[in-house]
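# Survey of secondary and tertiary structure
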Amino acid sequence: MSEPLIIDADGMYYRELNQIIRDKVKEGVTHFRLLNVNGQRYIGAGLTREVFIEVFGVAGQDLGIFMKGPTIVVRSNAQDCVGNTMEGKKIVVHGMAGDVCGYGMRGGKLHILGDVGYRVGIHMKTYKDMVPVIIVGGKAGDFFGEYMAGGILILLNLWDNDSRPMVGDYLATGMHGGTIYIRGEVDPYLMGKEVGQVEMTEGDKALLKDLLEDYCGDFSEYHLDPQEILDHPFTKLIPVSSRPYGKVYAY
Amino acid sequence: MLYDSVFVFPNFEVERDYDKCIVCKACVQQCTFDATYYLPYRARVVSKDTNCVGCRRCEAICPTGAIKIRRYQGEFKDNAYWTPRDLKDLYKQAEQGGVILTGGGNDRPYPVYWDHILLDACQVTNPSIDPLREPMELRTYLGRKPDRVEIRYNEDGEPELKTQIVPNLVAEVPVIFAPMSYGALNLNMHRAEAAAAKAMGTYWNTGEGGLHRELYPYGDHTIVQVASGRFGVHAEYLQVSAAMEIKIGQGAKPGIGGHLPGGKVDEEISKTRMIPVGSDALSPAPHHDIYSIEDLRQLIYALKEATNYEKPVSVKIAAVHNVAAIASGIARAGADIIVLDGFRGGTGASPAIVRDNVGIPIEMALAAVDQRLRDEGIRNWVSIIAAGGIRNSGDVIKAVALGADAVYIGTAALLAVGCTLCHKCYTGKCAWGITTNDPYIAKRLNPEIAAERLTNLLKAWAHEMKEMLGLMGINAIESLRGNRLRLRAVGLSREEMEILGVLPAGA
């Protein structure tokens, strides 16, 4: 990888920071290292070129919104709306992320080491070979996978270090496409009524293995073993209908 | 109780003059609702009245004028309170237990404030202007205007602009085609809107279903919408546009989302919306990343960041009770344009109960918002687009005088290409080929002819608007904006006139 362009974001307004990134991307810089990031918003927003951005510090709201090309690695936590309406490539968060991550995401990967907030993965979509993947290492809040229309949402609960349930209420409510895999058992009481639990197949396991190998590789310093994660039973959720609300109308 | 009300009480009847009918079966072929069919053993075309939606396609296509569509003659007992529509809807729900859907705009007899407002004209003391011989400007700039303009002098002593001007849309006619999605409409209609917008130097709006790649060359005349379902929203879509619009609400169905039924999602729609063929396209009621004005600001600036601050961002809301305060928040959140969609605004599909009972008239909303933004000294921060039931150029001129910068026309644009307001858009069977994506029926809408008709409409309205400006002695539409002194009210209460900011006729 090329030598990174180092930008000290200490006290820098997000607009200035992102303008520098856009200008430098245009000039052909492909590797950025942002230091002292402290909540600056929209890093990587709308970028379509394949660049690598390392973020040291807490990334602000809408990290990677609308982006297609970049790979972003956050060496800390990230705020709300990570990967909002994202189209491709990857965001890796070495910590926790906030609410509404991956809203309307239609491609690429979101790898989060720790917990996430509410409404994560809602309205993700699939289109042909574009299958977005979100993997959450910790726990998730309410409305996980709400309105989900496609893609793959994985919840691992690897660090179970408090008494909270691994996922909140209204899990996958309104789901009408895609698949959710949750490591462990989920109380059906938490699930939306549009979703059903089905048996894991060998195909599912092979798919998970592939995805988890990539995930564990991104967090190599934690020495996560995909096989060990997979040895634990998973709950697979799929929608009961691709048209959940087809019957509420009179004609 | 063993009857089916739909079959007992039709809405229309097809009257066929068998002396004129030549049994060409054109009506059979054209009817998409199976209301007319051929009976071989009688060698006759006959009708099934209960299926007729009153779209009058057969009547228009019949070469001998043999068909008349009439309102069903059978009548319920007179009742000033329970209308036949109330009865029929109630019967249908008692049978099916579902939400009644509708398309189009609110057709209920609520007051039409446009029709209570009259324009001023010059007589004796101030000269009127003849637009046929004198310059008359309709050009409108949409977007944020600076609080003040500062100039500086360069080394040569020449003045130049010091104030940074943010990007604005430039519309040669202040009439823009309203957001109607690909899905609700077919590609032929989008093609026609794009071509007409380009020809007239104005804009069209994609609605929330994305932009077909074929229409990317029209990007400079395209406002792209970002709605809660984020269908077809990606970096390229944003970059190709002239402006981006965050759809918060729709006048026909404020506060609710949308369901494009999976049956309508074919290969091309699937490609544009980027969802699988046959899957329901569900738009959530709110944007789940917007629960506050601060969140709205976040998305507005996300769009600006993603497009390098090169395009204005519009925010569209339905006209609701507290619209003035909401609009103020939107202006402060950084929007460049606010679209107000009144309760007469159309829809491809909405629960009828919502369309018929929610929202407020655009006239009131527009006047309230314009006044509020003026009172707060931030009117120049945003342009206002008025939408929801603009019927003619008179409505446009009145809207501008009430404070609008431009208007959206949706229903009017559909009428221009053949719509007869049967309000069956939600069925996907539009016999006029407008709100259907059945490739066979959609062919009835020829995009070149439709574009020409839309262009004609805008040309006609532009000419009429110039006439009206001229008779008021005004030579630029800029000078009419918010100029409510040129309006007078007839038959309105004091409170209504206060909100509209209009004096009674004679005052």
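Residues numbered from 1 in each chain as written. Chains lettered and ligands numbered in written order. Predicted model: local features only at pLDDT ≥ 70, side-chain atom pairs only at ≥ 80, totals over all residues. Heavy atoms only, no water.

Looking only at helices and strands, chain A features three helices and 12 strands. For 251 residues, the compact-globule estimate of 2.2 N^0.38 gives 18 Å, and the C-alpha radius of gyration of chain A, at 18 Å, lies within 12% of that figure. The dimensions of chain A, computed from C-alpha atoms along their principal axes, are 55 × 50 × 30 Å. Expressed as a percentage of the 251 residues in chain A, the buried residues total 60%. Sequence separation of at least 24 residues holds for 44% of the intrachain contacts in chain A that already meet a minimum separation of 6. For chain A, the accessible area works out to roughly 10100 Å², and carbon and sulfur atoms hold 49% of it. (Helix = DSSP H or I, 4+ residues; strand = E, 2+ residues; numbered from the N terminus. Rg over C-alpha atoms; globule rule 2.2 N^0.38 Å. Buried < 20%, exposed > 50% of the residue type's maximum accessible area, 1.4 Å probe, protein only. Contact = heavy atoms within 4.5 Å. Areas by Shrake-Rupley, 256 points an atom, 1.4 Å probe, with all protein chains shown as cover.)

What follows covers the sheet that holds strand E6 (residues 117-119) of chain B. Sheet strands associate in pairs through backbone hydrogen bonding, adopting either a parallel or an antiparallel arrangement. Residue and element names in this part refer to chain B. The strand order across the open sheet formed by three strands is E6-E22-E23, and the pairing between neighbours is mixed. Edge positions in the open sheet fall to E6 and strand E23 (503-504), since each of these has one partner strand only. With three bridges connecting them, E6 and strand E22 (residues 487-489) associate as antiparallel partners. Bridging across to E22, Ile117 finds its partner in Ala489. (Pairing = 2+ DSSP bridges.)

What follows deals with the interface of chain B and chain A. Across the boundary between the two partners, chain B contributes 47 residues, which contact 41 residues of chain A. Together, the buried faces of chain B and chain A total about 3900 Å²; carbon and sulfur atoms form 55% of this surface. Taken together, chain B and chain A are joined by two salt bridges. On the surface where chain B and chain A come into contact, there are 18 residue pairs in polar contact (both at pLDDT 80 or more). Counting only elements with at least two residues in the side of chain B that touches chain A, the list comes to helix H4 (84-96), strand E5 (99-102), helix H6 (235-240), helix H7 (267-273) and helix H8 (293-306) of chain B. Considering each element in turn, the side of chain B that touches chain A owes the most residues, eight residues, to H8 of chain B. Of the residues in the side of chain B that touches chain A, the class split is 23 nonpolar, 15 polar and nine charged. For strand E12 (residues 249-250) of chain A and E5 of chain B, the ladder comprises two bridges, and the chain directions are parallel. If you follow Tyr249 of chain A over to E5 of chain B, its bridge partner there is Val99 of chain B. (Buried area = accessible area lost by both parts, 1.4 Å probe. Salt bridge = Lys/Arg side-chain N within 4 Å of Asp/Glu carboxyl O. Polar contact = N/O pair within 3.5 Å; in protein donor to acceptor, adjacent residues only side chain to side chain. Nonpolar A, V, L, I, M, F, W, Y, C, P; charged D, E, K, R; others polar.)

Aromatic rings in a pair are described by how distant their centres are and how their planes are angled relative to each other. Tallied over the full model, the rule gives 10 aromatic pairs over all chains. For the ring pair Tyr110 of chain B and Phe343 of chain B, a centre distance of 5.3 Å and an interplane angle of 80 degrees mean the geometry is edge-to-face. Separated by 233 residues along the polypeptide, Tyr110 of chain B in the loop between E5 and E6 and Phe343 of chain B in the loop between strand E18 (337-341) and strand E19 (350-351) bring together distant segments of the chain. For Tyr110 of chain B, a relative accessible area of 34% puts it in the partly exposed group. Aromatic ring contacts, followed pair by pair, group Tyr13, Tyr14 and Tyr42 of chain A into a single cluster. Above the plane of the ring of Tyr309 of chain B lies Arg15 of chain A, whose end atom (NZ or CZ) is 3.7 Å from the centre. Over the aromatic face of Tyr38 of chain B sits the side chain of Lys25 of chain B, whose NZ or CZ is 4.2 Å from the ring centroid. (Phe/Tyr/Trp six-rings, centres within 6.5 Å; stacked < 30°, edge-to-face > 60°. Lys NZ or Arg CZ within 6 Å of the ring centre and 35° of its normal.)

So, on to helix H9 (residues 323-332) of chain B. Residue and element names in this part refer to chain B. Among the 10 residues of H9, seven are classified as buried, and the element is accordingly described as predominantly covered. For H9, every residue scored as buried is listed here: Val323, Ala324, Ala327, Ser328, Gly329, Ile330 and Ala331. Buried residues belonging to H9 abut H8, strand E17 (313-318), E18 and helix H11 (362-375). Gly334, located one to two residues past H9, shows a positive phi value of around 105 degrees.

A few words now on the pattern of salt bridges. As enumerated under the stated definition, the model contains 45 salt bridges over all chains in all. Two residues, Glu305 of chain B and Arg22 of chain A, come together in a salt bridge whose shortest N-O distance is 2.7 Å. Of this pair, Glu305 of chain B sits in helix H8 while Arg22 of chain A sits in helix H1 (residues 14-27), on two different chains. Residue classification places Glu305 of chain B among the buried positions, given a relative accessible area of 0%. Arg332 of chain B is the partner of Glu376 of chain B in a salt bridge, and the nearest nitrogen-oxygen pair spans 2.9 Å. Residue Glu376 of chain B is located in the loop between H11 and strand E20 (383-387), and its partner Arg332 of chain B is located in helix H9; the two are separated by 44 residues in the primary sequence. Overall, Arg332 of chain B belongs to the partly exposed group, its relative accessible area being 41%. Taken together, the shared-partner salt bridges connect Asp370, Arg374, Arg379, Asp405, Glu478, Arg481 and Arg484 of chain B into one network.

With that out of the way, let us pick up the domain arrangement of chain B. Residues and elements named next belong to chain B. Once the domains are mapped, chain B shows domain 1 (5-98) and domain 2 (140-504). Computed over C-alpha atoms, the centres of domain 1 and domain 2 are 35 Å apart. A combined buried area of about 1100 Å² lies between domain 1 and domain 2, and 55% of that area is made up of carbon and sulfur atoms. For domain 1, the biggest contributors to the area lost against domain 2 are Thr32, Phe33 and Arg57; these three give 46% of the whole. (Domains from an automatic or database assignment.)

With that settled, consider the nonpolar core. Core analysis: the largest hydrophobic core is formed by 131 residues, its most contacted members being Leu238 and Ile409 of chain B. The greatest single-element share of this core, amounting to 10 residues, is contributed by helix H15 (residues 447-471) of chain B. Two domains each provide a minimum of three residues to this core, namely domain 1 (5-98) and domain 2 (140-504) of chain B. Those residues in contact with Ile409 of chain B that lie beyond four places of it in its chain are Val175, Ile176, Phe177, Ala178, Ile390, Leu457, Leu458 and Trp461 of chain B. In terms of nonpolar packing, the next biggest core, distinct from the first, is built from 51 residues, Ala9, Phe32, Ile180 and Leu237 of chain A among them. (Core = buried A, V, L, I, M, F, W, Y, C linked by side-chain atoms within 4.5 Å.)

Right, let's talk about the environment of Gly257 of chain B for a bit. All names here are of chain B. The topology assignment puts Gly257 in the loop between strand E14 (243-247) and strand E15 (258-260). The class of Gly257 is partly exposed, set by a relative accessible area of 24%. Residues Gly257 and Lys311, spaced 54 residues apart in sequence, show a C-alpha to C-alpha distance of 26 Å. In this structure, Gly257 is in contact with Ser283, Pro284 and Ala285, ignoring residues within four places of it in sequence.

Residue and element names in this part refer to chain A. Here 11 strands make up an open sheet; going across it, the order is E1-E2-E3-E4-E5-E6-E7-E8-E9-E11-E10 and the pairing mixed. Each having just a single partner strand, strand E1 (5-8) and strand E10 (195-198) make up the two edges of the open sheet. Going from strand to strand, the sheet's axes swing by 15 degrees on average, the running direction of each strand aside. Relative to strand E6 (residues 109-112), strand E5 (residues 90-93) runs parallel, the two sharing four bridges. When the bridges of E6 are listed, Ile91 appears paired with Leu110. The strands touched by H1 within the sheet are E1 and strand E2 (31-38), with E2 carrying the most contacts at an inclination of about 180 degrees. Its contacts with the sheet place helix H2 (residues 202-218) against E5, E6, strand E7 (133-136), strand E8 (149-155), strand E9 (177-183) and strand E11 (234-239), and it is angled at close to 65 degrees to E6. (Axes fitted to C-alpha atoms, helices over the stretch in contact; angles between N-to-C directions.)

All names here are of chain B. Tracing the sequence through the fold places Lys304 in helix H8. Exposure remark for Lys304: the relative accessible area of 8% places this residue in the buried category. Of note is the side chain of Lys304, whose polar atom sits 3.1 Å from the side chain of Asp336. For Lys304, the contacting residues outside a window of four places in its chain are Tyr309, Val313, Gly334 and Asp336.

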